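Structural overview for review
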Amino acid sequence: MPPRKIIIDTDPGQDDAVAILLALASPEEIEVLGITAVAGNVPLTLTERNARIVCELAGKPDTKVFAGCDAPIARKLITAEHVHGKTGLDGPTLRDPTMPLQDRHGVDFIIDTLRRAPAGTVTLCPLGPLTNIATALDRAPDIASRIQEIVLMGGAYFEVGNITPAAEFNIHVDPEAARMVFACGAPITVMPLDVTHKALVTAPRNDAFRAMGSPVGVAVAEMTDFFERFDKEKYGNAGAPLHDPCVTAYLIQPELFTGRHINVEIETQSELTLGMTVADWWRVSGRAPNAMFMGDIDADGFFELLTNRLSRL
Ligand code: RIB
Ligand code: CA
């Protein structure tokens, strides 16, 4: 089976960084055509810089990194330095990037790539707010039918919100964008908090990263040490939830995940529940299914995959 061609759309973010590392460590299953940065956890000037830092940490300085949108479609940007730190990659000391940022805008790269590739051969992997994806769909509606699959981290149902009582961060930052993506007609697979909050970096799992002794292993352990303090305090968790690497792991070992093909709509009107993913898990609405909404993960299998692959870098 040839590797799946993907575009990673991301707002690094420590967990985005691990997702990118896992993708770059898995050439048998994944060909990263490019990485498009979006404003989210931290502003765009930092997310594009962090994406390049992570590519160089992986030893892949030839990866094409593009800067995308610096603000949500119709709202002011909300960032999450309280979780990810001022740089967005707080924790390890990482070298400034030397690889270039591509000149083209990330949205143009997404549109051009989907138009040039045979229909149904490129997967989009959004790990942050959906601003770039929605902007591309708005500017080039023809690309919707050319997308093989959109595999995204975002949303929540049984787990409810992490940035408000009702909404998960990626969707809450740009709910109008999320609404457009979930309505675009492309096959969508969702990794919500319902799954990612079961992918916890417990101490033994973080020790396994550190025990690699490699710059990647130590950096991931140090990122997690930093990133987990927020979730541990808030949820009393045994470790940080590794949200975004669930997207990459799905591309490599989909059998690690189980879910339901259901209707998912996005709240964009109510300030109280703005950005809520209204997931019709019990199929009571009669609305047509539009997403494979994941509900469970084989966490041990996930960390075994992650540790094995990261040790390659
Ligand atoms: O809510 C978790 C999501 O928001 C993750 O993608 C994390 O990186 C932040 O972007
Ligand atoms: Ca992210």
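Scroll up for the structure.
The present account deals with the structure reproduced in this document. Every chain is numbered independently, its residues counted from 1 as its sequence is written. Lettering of chains starts at A and numbering of ligands starts at 1, both following the order in which they are written. Where totals are concerned, whole chains, interfaces and linings use all residues; where local detail is concerned, this predicted model gives features only for residues with pLDDT of at least 70, and gives and counts side-chain atom pairs only at 80 or more. With hydrogens and water stripped out, all remaining heavy atoms of the structure feed into the side-chain values.

**A look at the side chain of Glu 48**
Just so we agree on the cut-off: Numbering of helices and strands runs from the N terminus, with a helix taken as a DSSP run of H or I at least four residues long and a strand as a DSSP run of E at least two residues long. Burial classification: accessible surface area is computed with a 1.4 Å probe over protein chains only, and a residue below 20% of its type maximum counts as buried, one above 50% as exposed, and the rest as partly exposed. The contact criterion used throughout is that any non-hydrogen atoms of two residues lie within 4.5 Å.
Here Glu 48 lies in helix 2 (residues 44-57). When its relative accessible area of 12% is taken as the criterion, Glu 48 is described as buried. Among all residues touching Glu 48, those that are not within four sequence positions of it are Ala 37, Val 65, Ala 67 and Leu 101.

**Examining the nonpolar core**
Note the cut-off: Only buried Ala, Val, Leu, Ile, Met, Phe, Trp, Tyr and Cys residues count toward a nonpolar core, and they belong to the same one when joined by side-chain atoms within 4.5 Å.
Membership of the largest hydrophobic core comes to 54 residues, with the highest contact counts inside it found for Phe 209, Phe 257, Phe 302 and Leu 306. Residues in contact with Phe 302, not counting those within four places in the same chain, are Ala 199, Leu 242, Pro 245, Cys 246, Ala 249, Leu 256 and Ile 297. Grouped together as the second largest cluster of nonpolar side chains are 38 residues, Ile 111, Val 122, Leu 124 and Trp 281 included.

**Description of helix 9 (residues 203-211)**
Heads up, the rule is: By construction, the arc corresponds to the directions joining the helix axis to the C-beta atoms.
Listed in full, the buried residues belonging to helix 9 are Arg 205, Asn 206 and Phe 209. Looking straight down helix 9, one finds its buried side chains confined to an arc of 95°; they lie on one side. Summarising the geometry of helix 9, the exposed residues directed more than 90 degrees from the buried face are Ala 203, Pro 204 and Ala 211. Contacts made by the buried residues of helix 9 are with strand 7 (200-201), helix 10 (215-235) and helix 12 (299-310).

**Quick look at a nonpolar patch on the surface**
Test applied: Two distance rules govern patches: like charges are joined within 9 Å, and nonpolar side chains (Val, Leu, Ile, Met, Phe, Trp, Tyr) within 5 Å, applied only to residues with over 30% relative accessible area and no salt bridge. Here, Shrake-Rupley sampling with a 1.4 Å probe gives the accessible areas, and only protein chains in the shown set may cover a residue. Here, a salt bridge means any Lys or Arg side-chain nitrogen found within 4 Å of an Asp or Glu carboxyl oxygen.
A grouping of Phe 158, Trp 282 and Val 284 is seen on the molecular surface, where their side chains present a nonpolar patch of about 400 Å² in accessible area. In this fold, Val 284 is placed in the loop between strand 11 (277-279) and strand 12 (291-297). Judged by its relative accessible area of 71%, Val 284 is exposed.

**Regarding the site of ligand 1**
Convention followed: We call a residue near a molecule or strand as soon as one heavy atom of that residue lies within 4 Å of the molecule or strand. Think of a polar contact as two N or O atoms within 3.5 Å of one another; within protein, one of them needs to be a possible hydrogen donor and the other a possible acceptor, and neighboring residues in sequence only count if both atoms come from side chains.
Not every one of the 13 residues close to ligand 1 is listed here, only the nearest: Asp 15, Leu 127, Asn 162, Glu 168 and Asp 244. Leu 127 has a polar backbone atom sitting 2.8 Å from an oxygen atom of ligand 1. Within the side chain of Asp 244, one N or O atom sits 2.7 Å away from an oxygen atom of ligand 1. Calculation on ligand 1 without its partners gives an accessible area of 270 Å², and the protein chains cover 97% of this total. Of all elements in the fold, only helix 1 (14-24) and helix 6 (169-173) reach the threshold of two or more residues within the shell around ligand 1.

**Some thoughts on the packing of helix 9 against helix 10**
The line we're drawing: To get an axis, fit a line to the C-alpha atoms, keeping to the stretch in contact for a helix; angles then go from 0 to 180 degrees between the N-to-C directions. Under the grouping applied here, Gly and all other residues not named as nonpolar or charged are polar, the nonpolar ones being Ala, Val, Leu, Ile, Met, Phe, Trp, Tyr, Cys and Pro and the charged ones Asp, Glu, Lys and Arg.
Here helix 9 crosses helix 10 at 145°, and the two axes come no closer than 6 Å. Residues Asn 206, Phe 209 and Arg 210 of helix 9 form the contact with helix 10, whose participating residues are Gly 217, Val 218, Val 220, Ala 221, Glu 222, Thr 224 and Asp 225. For the contact of helix 9 with helix 10, the residue count by class is 4 nonpolar, 3 polar and 3 charged.

**So, the sheet that holds strand 3 (residues 65-67)**
Here is the rule we go by: Being paired, for any two strands, means DSSP has found at least two bridges between them.
Strand order in the open sheet formed by 8 strands is 3-2-1-4-5-6-12-9, and the pairing between neighbours is mixed. The open sheet has two edge strands with one neighbour each: strand 3 and strand 9 (257-262). Going from strand to strand, the sheet's axes swing by 25° on average, the running direction of each strand aside. Inspection of the sheet shows strand 4 (residues 122-126) paired to strand 5 (residues 147-153) by 3 bridges, in the parallel sense. Following the sheet pairing, Thr 123 is matched in strand 5 by Glu 149. Along the sheet, helix 2 makes contact with strand 1 (4-10), strand 2 (30-37) and strand 3, crossing strand 3 at roughly 175°. Across the sheet, helix 4 (residues 106-116) is in contact with strand 1, strand 2, strand 3, strand 4 and strand 5; its angle to strand 2 comes to roughly 145°.

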